Amino acid sequence: AGFGRLVSAAYVEILWHAQSGYNAVFWRRVFWEWGARIVAGVVVAALVFANLRIVSGTLNGVQIKRRFGNLEISEQLPKSYVFWAMTGTSALLGLWFGGSITPSLGRLLLLIRNSEAWGIVEPMLNHDVGFYVFWVPALLQLVIYALVVTFLVFTLSTAGYAATGALSWGHGRVEAQEPTRLHLGALLGLFLVLMGVRLWLSRFELLLDGTSDVRGIFGFADAEARLPAMQTLSIICVVSGVAAFWGAWKNRGAMMASALMAVVLAMVTIGQLYPSLIQSLRVEPNELERETPFIESNLE
């Protein structure tokens, strides 16, 4: 019943666009919406397969046992089993991720392809308004999807290495082979760098939807605290990502742990505590005077 309603709704929409003369517009939109899903699914499947391929290099220590009468024989796991397991896992995750892509991403990419400058520049970060209308929503979605994929690949790789014994806990610490350490270190570093990119883009999102108490506009605490905080946090995340990979390269677990702790502490102190102090100590005692210039700017 649900599938029938979906087909009938699609058929009605096709007829409506054909009748109104916008048939080409409709199919162009469908092409970009489903094209984004297909491309995303293929890319994720390829990334998962490539990373599982790296993990499979540590399968030498994994053996299966067969019993023939009173004899028990251990033999290497057949490569065909490994290949088809990786292919199936990659295909399923690619289908799942492609299906989770919202239609809005394809439309946003289509809008970017046909976007033009509006000729109006906002005064805070000095970008054309068209950049906020067309580019910011698409870039935010792409970075969020990239973070999800990186976390997914990191989790699968960690589980795979733990299953093969290339990653284990011993002598009170995590023990990992060099290829395992480099692989996971690179994924962790990439995740932190993407976090930095996400925070950098959040500056533009903050201008569109500020956290001021005056009906959510971009206010004094946003300009004086949150905007500089996001800039600082983005730099800290990128530097921590490089440090995490460097620690993995040099086999220095303390450096990797320090990089993660630096990001967590910075998020709490710079990202949360500092803006709250500015709001309570500088804005709330004289809110009208502090927020009036920003109210006028937002109205303009």
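Residues numbered from 1 in each chain as written. Predicted model: local features only at pLDDT ≥ 70, side-chain atom pairs only at ≥ 80, totals over all residues. Heavy atoms only, no water.

Caption draft 1: Main features of helix 3 (residues 79-100). The terminal C-alpha atoms of helix 3, which comprises 22 residues, lie 32 Å apart, in line with the 32 Å expected from a rise of 1.5 Å per residue. Of the positions making up helix 3, those classed as buried are Val82, Met86, Ser90, Leu93, Gly94, Phe97 and Gly98. Down the axis of helix 3, the sector holding all buried residues measures 130°, keeping them to one side. Residues of helix 3 that are exposed and point over 90 degrees away from its buried face: Tyr81, Trp84, Leu92, Leu95 and Gly99. Here the buried face of helix 3 lies against helix 2 (23-56) and helix 5 (129-164). (Helix = DSSP H or I, 4+ residues; strand = E, 2+ residues; numbered from the N terminus. Expected span 1.5 Å × (residues − 1). Buried < 20%, exposed > 50% of the residue type's maximum accessible area, 1.4 Å probe, protein only. Arc of directions from axis to C-beta. Contact = heavy atoms within 4.5 Å.)

Caption draft 2: Region of the structure containing the pattern of salt bridges. Applying the stated rule across the entire model yields 4 salt bridges. Its salt-bridge partner being glutamate 33, residue arginine 107 comes within 2.7 Å of it at the nearest N-O pair. Highlighted residues: arginine 107 in helix 4 (residues 103-113) and glutamate 33 in helix 2, separated in sequence by 74 residues. When salt bridges that share partners are traced, they join Arg29, Glu33 and Arg107 into one network. (Salt bridge = Lys/Arg side-chain N within 4 Å of Asp/Glu carboxyl O.)

Caption draft 3: Here's a closer look at the nonpolar core. Core analysis: the biggest nonpolar cluster contains 22 residues, and Leu125, Tyr132, Val136, Phe204 and Phe218 have the highest contact counts within it. Excluding anything up to four places from it in sequence, leucine 125 contacts Tyr132, Arg203, Phe204, Leu207 and Leu227. Among the nonpolar cores identified, the runner-up in size contains 16 residues, and Ala40, Val48, Leu93 and Tyr145 belong to it. (Core = buried A, V, L, I, M, F, W, Y, C linked by side-chain atoms within 4.5 Å.)

Caption draft 4: Local environment of the packing of aromatic side chains. Here the structure, examined in full by the defined rule, presents 13 aromatic pairs. When the ring of phenylalanine 131 is compared with that of phenylalanine 204, the centres are 5.1 Å apart and the planes differ by 80°; the resulting orientation is edge-to-face. Here phenylalanine 204 lies in helix 6 (residues 178-208) and phenylalanine 131 lies in helix 5, a separation of 73 residues in the sequence. The exposure class assigned to phenylalanine 131 is buried, which follows from its relative accessible area of 19%. Considering the side-chain rings of phenylalanine 151 and phenylalanine 191, the 6.5 Å spacing of their centres and the 50° angle between planes classify their relative orientation as tilted. Taken together, the residues phenylalanine 151 in helix 5 and phenylalanine 191 in helix 6 connect sequence positions 40 residues apart. Of the residues examined, phenylalanine 191 reaches a relative accessible area of 24% and is grouped as partly exposed. In textbook terms, an aromatic cluster arises when at least three aromatic residues are bridged by ring pairs, as seen for Phe49, Phe83 and Trp84. One Lys or Arg, arginine 37, reaches over the ring of tryptophan 34 and ends 4.7 Å from the middle of that ring. The lysine or arginine in question, arginine 203, covers the ring of tryptophan 200, its NZ or CZ lying 3.6 Å from the ring centre. (Phe/Tyr/Trp six-rings, centres within 6.5 Å; stacked < 30°, edge-to-face > 60°. Lys NZ or Arg CZ within 6 Å of the ring centre and 35° of its normal.)

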